[in-house]
Structure formats: structure tokens, C-alpha cells
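# Understanding the architecture of this molecule
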Amino acid sequence: MNDRLPPLWIRRFFAWFCREELRDTVEDDLITLYSRKRRNMAAFKANIWYFFTVLTFLQPFALKRIQTNHLNPIDMFYNNLKIGIRFMQKHLIYSTINVLGLAVGLSAVILISLFIIDELSYDRFHTKGENIVRVTYKLETPNSTRQGAKLPFPLKGALESNYPEVINVARFYHWSGDTPLLAYGDQKHTEDGMYFGGLPHSIAFRPEPNSGL
Amino acid sequence: MKGTYLGEFEELVLLTTGILYDDAYGLAIKDELEKQTGRSPMISSVHKALVRLEDKGYLKSYMQSGATLSRGRPKRLYKLTALGKRVVNQSRELRNNMWNAIPKVVWSGGEG
């Protein structure tokens, strides 16, 4: 009878993945089927058949259960979650107000932070960035109010001569006409978003396209 | 519980377990199914159905006391539980009711 047993390595493989409760019963069935096959089949063919039949048992129902450690904190967490959900179902109005309030508060904080972070991101590259000021205007007419940063050219002189605390004034002008053709030596090329700048040497300057700066 | 829904193959396995009564184990069920239905299910399908049916509570497995297989290991046998019997009965009643609901004219071929 012993020569009728399937190869040991396949049997070991089966024993490795199969669940304890099923292993003996299933293997007895498999071995009986195998010896039936061997009656009218070459050992080689029967072995292949056995291997593929073992492979068909690679399904969740036959696999070993993975031991999950039931750690107390995890169970406690699930319990707390359940209690929380039940409480919310019981006190529906209270919970709605609570959750909505938290959502509104959090979104307000996030939006305000984004705005402040953006505002503080200017002039970081400059050692005296704290002292750089952008001049804007606000024009109020009976019908409307306009705001912007487009100011007249002579403002530079007026600021520098009338305000002692103003050390330097930089002004620049956005070319909003057609894309100009630039020539330097014998190189010629077109350039989008061109600015004319009159910059004092002490201010390094990085305009960003379309920033309206 | 997933309700009393029963697959076709699962129902056949339940019925075969009933037929074999006190000697229903994996391979015997496969052989009996082959004899009754003419098709030869995979041994893994049979075992899968048995595990599922036991999970659903329609079958109960027990280790055979005394007699063992040729290789000296106790044999795991299955038997129908009360719930399993009820489910098989419900399934048959459903079929009977639906059979009775079919008008006679269908069988006499009147519709052409």
C-alpha cells in the first residue's frame, strides 16, 4: 500500500496550508482518490493530478485561520466606537450641532491659515523683507469702489522726497501690448509677460507672471 | 445568519448527506453525487460546500467513534441538523408550490 501514497512534498505542502480541523479528513479522501487513479494511471500522471487537486484547496475555506492578536486596546477602541455611534443615534440633534460646529470651526481655521500663510510668503528671499511695502490705491467714487496697485509714475519721486522713512522706491510696468520681439546681440526671440523695471540696486526682484504685483 | 438561501450544489450536498445518513463524509458524498447526478464534482467543491453548510448551521460534523480509516485516523462525518432538515423541506415545498402553480395547459402543449 505504501507505494500507492502520493509524493511526500505535496502532502507536506497540503499540510502546511490546510486548516487543522480539515486536514486529516481531506487528506484521507485525497489519498483514497489517488490510489484509485493509480490503478489505471502512471505514477507521474497521478502525481500531477494530485498536485492540481491539492491546489484546488487553496481557497479561504480550507486555509489556516490567521491568528489575530486580540489586544485589549483594539477591542476597547471598537467598543468606544460602537458606544459613540449609539450615543450619536440617540442624541441626534445634539450630535448634528456638535459635528457641524466642529466642521465649521475646523474649516474656518484651515481657510484662515491658508490666507495667512500666503500673506506671509511674500518677500521671504529678502533679508529686509519686513521693511518692503507694496503701495496700493483705493478709489471711492459715488457709484463704485476700485482697488489696485496701478499708480502714477511720478509717485516714486514724491515718495522719496516727501517721506524720510522711504529709502528706495521700485516701480515697474507690465507690457500689456503684443508680444514683443527682443534682440540681444544677434539673438532675437519673443517673450511673453514682459515688465519694464526701474529698480534700485539694493532690491533684488522676482516678479511672478500674472501675479498682478 | 445569511438567511435560508441555499445554492443548487449546496442543496444537493444536503440531500446526499441525508441519503448517506450515518456514513456521510467528503469522498462518500462525492461518490454518491456522481452516482445520483452523473456529474463528478471536484473534491474541493464538496468540502467547501460542507464547510459552508456547517457555518450556516445546516450540517453538524462529528468525529466517528471507534471505527477509523485505513490510515488510523478518526473520520469526520456530517449529519443534518434540525435547521438543515427544515431548509431542505422548505426548498421542496417551494418547488412543489411553484409546480402546482403552472397551469395544466403548459404541459398539454396547448400553447404550441
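Reading the values: rules and limits
Residues numbered from 1 in each chain as written. Chains lettered and ligands numbered in written order. Predicted model: local features only at pLDDT ≥ 70, side-chain atom pairs only at ≥ 80, totals over all residues. Heavy atoms only, no water. Helix = DSSP H or I, 4+ residues; strand = E, 2+ residues; numbered from the N terminus. Contact = heavy atoms within 4.5 Å. Buried area = accessible area lost by both parts, 1.4 Å probe. Salt bridge = Lys/Arg side-chain N within 4 Å of Asp/Glu carboxyl O. Polar contact = N/O pair within 3.5 Å; in protein donor to acceptor, adjacent residues only side chain to side chain. Nonpolar A, V, L, I, M, F, W, Y, C, P; charged D, E, K, R; others polar. Expected span 1.5 Å × (residues − 1). Buried < 20%, exposed > 50% of the residue type's maximum accessible area, 1.4 Å probe, protein only. Phe/Tyr/Trp six-rings, centres within 6.5 Å; stacked < 30°, edge-to-face > 60°. Lys NZ or Arg CZ within 6 Å of the ring centre and 35° of its normal. Axes fitted to C-alpha atoms, helices over the stretch in contact; angles between N-to-C directions. Parallel < 35°, antiparallel > 145°, perpendicular 65-115°, else oblique. Left-handed = near helix turned anticlockwise from the far one by under 90°. pLDDT = per-residue confidence, 0-100.

A few words on unusual backbone geometry. The backbone of Asp123 of chain A shows a phi angle near 60°, a positive value even though the residue is not glycine. Tracing the sequence through the fold places Asp123 of chain A in the loop between helix 5 (92-119) and strand 1 (137-140). In the Ramachandran plot, Tyr21 of chain B falls in the positive-phi region, its phi being about 50° despite a non-glycine side chain. Along the chain, the position of Tyr21 of chain B falls in the loop between helix 1 (8-20) and helix 2 (26-37).

On to the interface of chain A and chain B. At the interface, 21 residues of chain A touch 16 residues of chain B. In total, chain A and chain B occlude about 1,700 Å² of area from one another, counting both sides; carbon and sulfur atoms represent 60% of this. Summed over the three residues of chain A that lose the most area to chain B, namely Asp28, Asp29 and Phe61 of chain A, the buried surface amounts to 31% of that side. Applying the counting rule to chain A against chain B returns one salt bridge. For Asp31 of chain B, the salt bridge goes to Arg36 of chain A, with nearest N and O atoms at 2.7 Å. At the junction of chain A with chain B, the criterion picks out six residue pairs in polar contact (both at pLDDT 80 or more). Among the elements that line the side of chain A that touches chain B, the one with the most residues is helix 2 (residues 20-39) of chain A, at 13 residues. Looking at side-chain class alone, the side of chain A that touches chain B contains eight nonpolar, five polar and eight charged residues.

On to helix 1 of chain B. Residues and elements named next belong to chain B. Here helix 1 spans 19 Å end to end across 13 residues, near enough to the 18 Å set by a 1.5 Å rise per residue. Of the positions making up helix 1, those classed as buried are Glu10, Glu11, Val13, Leu14, Thr16, Thr17 and Leu20. Looking one or two residues past helix 1, Tyr21 carries a phi angle of roughly 50°, positive in sign.

All told, the structure shown has eleven aromatic pairs over all chains when counted by the stated rule. Between Phe13 of chain A and Phe17 of chain A the ring centres are 5.2 Å apart and the planes differ by 65°, which places this aromatic pair in the edge-to-face class. Taken together, the residues span about one helical turn, with Phe13 of chain A and Phe17 of chain A both in helix 1 (residues 8-17) at a distance of four residues. Classification of Phe13 of chain A by relative accessible area gives partly exposed; the value is 24%. Both rings, one in Phe51 of chain A and one in Phe52 of chain A, keep their centres 5.7 Å apart while their planes meet at 70°; by these two values the pair is edge-to-face. Taken together, the ring pairs in this structure connect Phe13, Phe14, Trp16, Phe17, Phe57 and Phe61 of chain A into an aromatic cluster. Sitting above the plane of the Tyr62 of chain B ring, Lys79 of chain B keeps its charged end 5.2 Å from the centroid.

Turning to the packing of helix 1 of chain A against helix 2 of chain A, a few remarks are in order. Helix-helix packing: each pair is described by the crossing angle between the helix axes and the interaxial distance. All names here are of chain A. Running from N to C, helix 1 and helix 2 cross one another at 150°; their axes reach a closest spacing of 10 Å. One way to sum up the angle between helix 1 and helix 2 is to call them roughly antiparallel. The interaxial crossing formed by helix 1 with helix 2 has right-handed handedness. Between helix 1 and helix 2, the contacting residues are Arg11, Phe14 and Ala15 on the first element and Arg23, Val26, Glu27, Leu30 and Ile31 on the second. Considered class by class, the residues forming the contact of helix 1 with helix 2 number five nonpolar, no polar and three charged.

A few words on the packing of helix 2 of chain A against helix 3 (residues 43-56) of chain B. Direction vectors running N to C along helix 2 of chain A and helix 3 of chain B enclose 155°, while the axes themselves pass 11 Å from each other. The orientation of helix 2 of chain A with respect to helix 3 of chain B, classified from their angle, is roughly antiparallel. For helix 2 of chain A against helix 3 of chain B, the interelement crossing comes out right-handed. For the pair helix 2 of chain A and helix 3 of chain B, the contacting residues are Leu22, Val26, Asp29, Leu30 and Leu33 of chain A in the first and Ile43, His47 and Val51 of chain B in the second. Split into classes, the residues belonging to the contact of helix 2 of chain A with helix 3 of chain B amount to six nonpolar, one polar and one charged.

All names here are of chain B. The predicted model of chain B averages 84 in pLDDT, with 87% of residues at 70 or higher. Across chain B, element-level confidence peaks in helix 4 (residues 82-101) with a mean pLDDT of 91 and bottoms out in strand 1 (residues 59-68) with 75. Listed scores for the predicted complex are pTM 0.53 and ipTM 0.80.

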